[in-house]
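# Commentary on secondary and tertiary structure
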Amino acid sequence: MNIICEKSKLLEGINIALKAISGKSTMAILDCLVLEVKNDTIKIIANDLEIGIETIIEGEIKEEGSTAINAKVFYEIIRKLPSEEVSISVDTNYVMNINGGKAKFNISAKPTEEFPFLPAIEKDSNIVISQFTLKEIIRQTVFSISDNENTKVMTGELFEVKDNSLRVISLDGHRISIRKVELKESYEDVRVIIPGKTLIEISKILNGGIDDEVCIFFTDKHALFEFDKTIVLSRLIEGEYYKVDKMLSSDYETKLTVSKKEMLDCIDRSTLLIKESEKKPVIIDIKDNSMGFAMHSSIGTMDEDIEISKEGKDILIGFNPRFLMDALRVIDDEKITIYMINPKAPCFIRNMDESYIYLILPVNFNI
């Protein structure tokens, strides 16, 4: 194998593929990137058996071939080369020669026989969505997945396609995040659970262009994301997702409209009085056209009021401040509408067309 390419383009490809290197594998081959040069293309491939990535980079091909190389070592060498042009060759003994400017490296590579290449996927069921929209959907939902491996389905997000609608749902037992978008076309029904880890890594790779598209293919066991010159293949999470619709309610006793920024800033200030070891709720007192925020901790107390527009009953209710802040940070509207029933029931933050819904459970508190 022998190639010449620009350092910046090589690094871009390595950075994309590195998203599929976990660094926790017991198999040394899974800590490797594969350089595969054939059919006039240069591919960089990584696979940790949960998520696999293939990306194509530009370069001059002098000799075809393939090899596996330790991802961390390879990345650091390429990153610190002094020149923009990089020459990489691998001899028959699997010694990789890397030349950049006056710097020359000879490092041990490996054959690719043991490497788990991405399986071929039947591209039957699919949807097409803009990179911008997918990146936004992930940003606005992925924060409420669970990190508890004992509840595996909660570590992923439900992707549900019906006709021309995509609904994405995440939950962790304390809150639910839902985003719904219209697609340009109608598609076959799909209901799959995609790991949150996959979605986080995909979000980092997407360029976020409104006019740039992602094609997502679904099978019984995999989801395949194709965009730009990159393929991301993820295993799906098996199991039955929670029946979220039964947890949603349109009933309310209190409805209020408030400035998102003012509410977020108030809650943020209240957290200044919370030690890391403490779990103190922010207490919200809604009366007339006022929303009061109170925090009582071992450090001190804080009280602040903001103006709101309210319908219905007064209510005194407590929340984990981080859960409220997580939801508020990803809502782009300047004004938000919040629906509450009583101090023991969840509150809902949603817009008129329900393109986003955030359910947050309240917490008990003592005054």
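Rules and cut-offs
- The residue numbers shown here count from 1 along each chain, following its written sequence.
- Only residues with pLDDT of 70 or above have their local features reported here, since the model is predicted, and side-chain atom pairs are shown and tallied only from 80 upward, although totals for entire chains, interfaces and linings are computed over all residues.
- Excluding hydrogens and water, the side-chain figures rest on all heavy atoms present in the structure.
- Each residue is placed in one exposure class: buried if its accessible area under a 1.4 Å probe, protein chains only, is under 20% of its type's maximum, exposed if it is over 50%, and partly exposed if it falls in between.
- Put simply, DSSP H or I for four residues or longer makes a helix, DSSP E for two residues or longer makes a strand, and each gets a number counted from the N terminus.
- This arc describes the spread of directions from the helix axis toward the C-beta atoms.
- Should any heavy atoms of two residues lie within 4.5 Å, those residues are considered in contact.
- Each nonpolar core is a collection of buried residues, namely Ala, Val, Leu, Ile, Met, Phe, Trp, Tyr and Cys, held together in the definition by side-chain atoms within 4.5 Å.
- A pair of strands is treated as paired once DSSP finds two or more bridges between them.
- All axes here are fitted lines through C-alpha atoms, helices being fitted over the stretch that makes contact, and every angle between N-to-C directions spans 0 to 180 degrees.
- Ring geometry is summarised as follows: Phe, Tyr and Trp rings, the Trp one being its six-membered ring, pair when their centres sit within 6.5 Å, and such pairs are stacked at plane angles under 30 degrees, edge-to-face over 60 and tilted between the two.
- Here, a charge over a ring means that NZ of Lys or CZ of Arg falls within 6 Å of the ring centre while also lying within 35 degrees of the ring normal.
- Small angles under 35 degrees read as roughly parallel and large ones over 145 as roughly antiparallel, with 65 to 115 read as roughly perpendicular and the rest as oblique.
- Should the near helix be turned anticlockwise from the far one by less than a right angle, the crossing is termed left-handed; should it be turned clockwise, right-handed.
- When residues are grouped by polarity, Ala, Val, Leu, Ile, Met, Phe, Trp, Tyr, Cys and Pro land in nonpolar, Asp, Glu, Lys and Arg in charged, and all others, Gly among them, in polar.
- For this text, the term disulfide refers to a pair of cysteine sulfurs within 2.5 Å.

## A look at helix α5 (residues 260-270)
Count 3.6 residues to each turn of an α-helix, and residues three or four apart come out pointing the same way. Within the span of α5, buried status applies to Lys260, Met263, Leu264, Cys266, Ile267 and Ser270. Relative to the axis of α5, the buried residues are bounded by an arc of 160° and lie together on one face. The inward-facing, buried residues of α5 abut β16 (254-259), β17 (282-287), β18 (290-296), β19 (301-307), α6 (321-330) and β22 (335-340).

## Overview of the nonpolar core
Generally speaking, soluble globular proteins have nonpolar side chains that are buried together. Counting 63 residues, the largest nonpolar core has Phe74 and Phe225 as its most contacted members. Of all the elements, strand β12 (residues 175-195) adds the most residues to this core, at six residues. Residue contacts for Phe74: discarding those within four places in its chain leaves Leu10, Ile14, Leu33, Leu35, Ile69, Ile88, Met96 and Ile98. Counting residues in each nonpolar core, the second largest holds 34 residues, with Ile267, Ala327, Val330 and Cys347 among its members.

## With respect to the sheet that holds strand β15 (residues 230-235)
The eight strands are arranged β6-β2-β3-β4-β15-β14-β13-β10 in an open sheet whose pairing can be described as antiparallel. With partners counted over all chains shown, the strands left at the sheet margins are β6 (65-70) and β10 (125-130), one partner each. Pairwise comparison of adjacent strand axes, ignoring direction, gives a mean angle of 15° for this sheet. Two elements, strand β3 (residues 41-47) and strand β4 (residues 51-57), share six bridges in a ladder whose sense is antiparallel.

## Things to note about the packing of aromatic side chains
Counted by the stated rule, this structure contains five aromatic pairs. With centroids separated by 5.2 Å and ring planes inclined at 75°, the aromatic side chains of Phe115 and Phe117 adopt a geometry described as edge-to-face. The exposure class of Phe117 is partly exposed, given its relative accessible area of 31%. Judged by centre distance (5.9 Å) and plane angle (35°), the rings of Tyr356 and Tyr358 are tilted. Just as Tyr356 is buried, Tyr358 falls in that class too. Among the aromatic side chains, those forming a connected cluster through ring pairs are Phe143, Tyr356 and Tyr358. Here Lys123 stacks its cationic end above the ring of Phe217, 5.4 Å away from the centre of that ring.

## Considering the packing of α5 against α6
The contact between α5 and α6 brings their axes to 10 Å, and the two run at 150°. The angle between the axes of α5 and α6 places the two elements in the roughly antiparallel class. The way α5 lies across α6 gives a crossing that is left-handed. Judged by residue contacts, Lys260, Met263, Leu264, Ile267 and Asp268 of α5 engage Pro321, Leu324, Met325, Leu328 and Arg329 from α6. In terms of residue class, the contact of α5 with α6 is made up of seven nonpolar, no polar and three charged.

## What to know about the pairing of strand β2 (residues 32-38)
Two faces, one strand: in a regular strand the side chains alternate between the faces of the sheet. Taken across its seven residues, β2 has six buried, putting it largely inside the fold. Of the strand pairs in this sheet, β2 and β6 are connected by six bridges, and their pairing is antiparallel. Directly across from Leu33, in β6, lies its bridge partner Ile69. For β2 and β3, the ladder comprises five bridges, and the chain directions are antiparallel. Along β3, the bridge assignment pairs Glu36 with Lys43. A loop of two residues connects β2 with β3, the two strands running antiparallel in sequence, and Asn39 in this loop sits at a positive phi of about 50°.

## Brief notes about the state of the cysteines
Counted by the stated rule, this structure contains zero disulfides. Distance from the sulfur of Cys32, which forms no disulfide, to the nearest cysteine sulfur (Cys5) is 18 Å. Here Cys347 is not disulfide-linked; the sulfur of Cys266 is the nearest cysteine sulfur, at 16 Å. Overall, the relative accessible area of 1% leaves Cys347 in the buried class.

## What to know about the environment of Thr151
You can see Thr151 is positioned in the loop between α3 (131-139) and β11 (156-171). Using a relative accessible area of 26% as the deciding quantity, one classes Thr151 as partly exposed. It is 8.9 Å that separates the C-alpha atoms of Thr151 and Asp172, two residues lying 21 residues apart in sequence.

## Quick look at the sheet that holds β17
Taken in spatial order, the four strands of this open sheet run β19-β18-β17-β21, and their pairing is antiparallel. One side of each edge strand has no neighbouring strand; the edge strands of this open sheet are β19 and β21 (315-319). The mean inter-strand angle of the sheet, taken between neighbouring strand axes irrespective of direction, is 20°. Relative to β19, β18 is paired through seven bridges, and the arrangement is antiparallel. By the bridge assignment, Ala294 is partnered in β19 with Asp303. Where α5 meets the sheet, it contacts β17, β18 and β19, and its direction lies at approximately 175° from that of β19. Packing against the sheet, α6 makes contact with β17, β18 and β21, and its axis sits at approximately 70° to β17.

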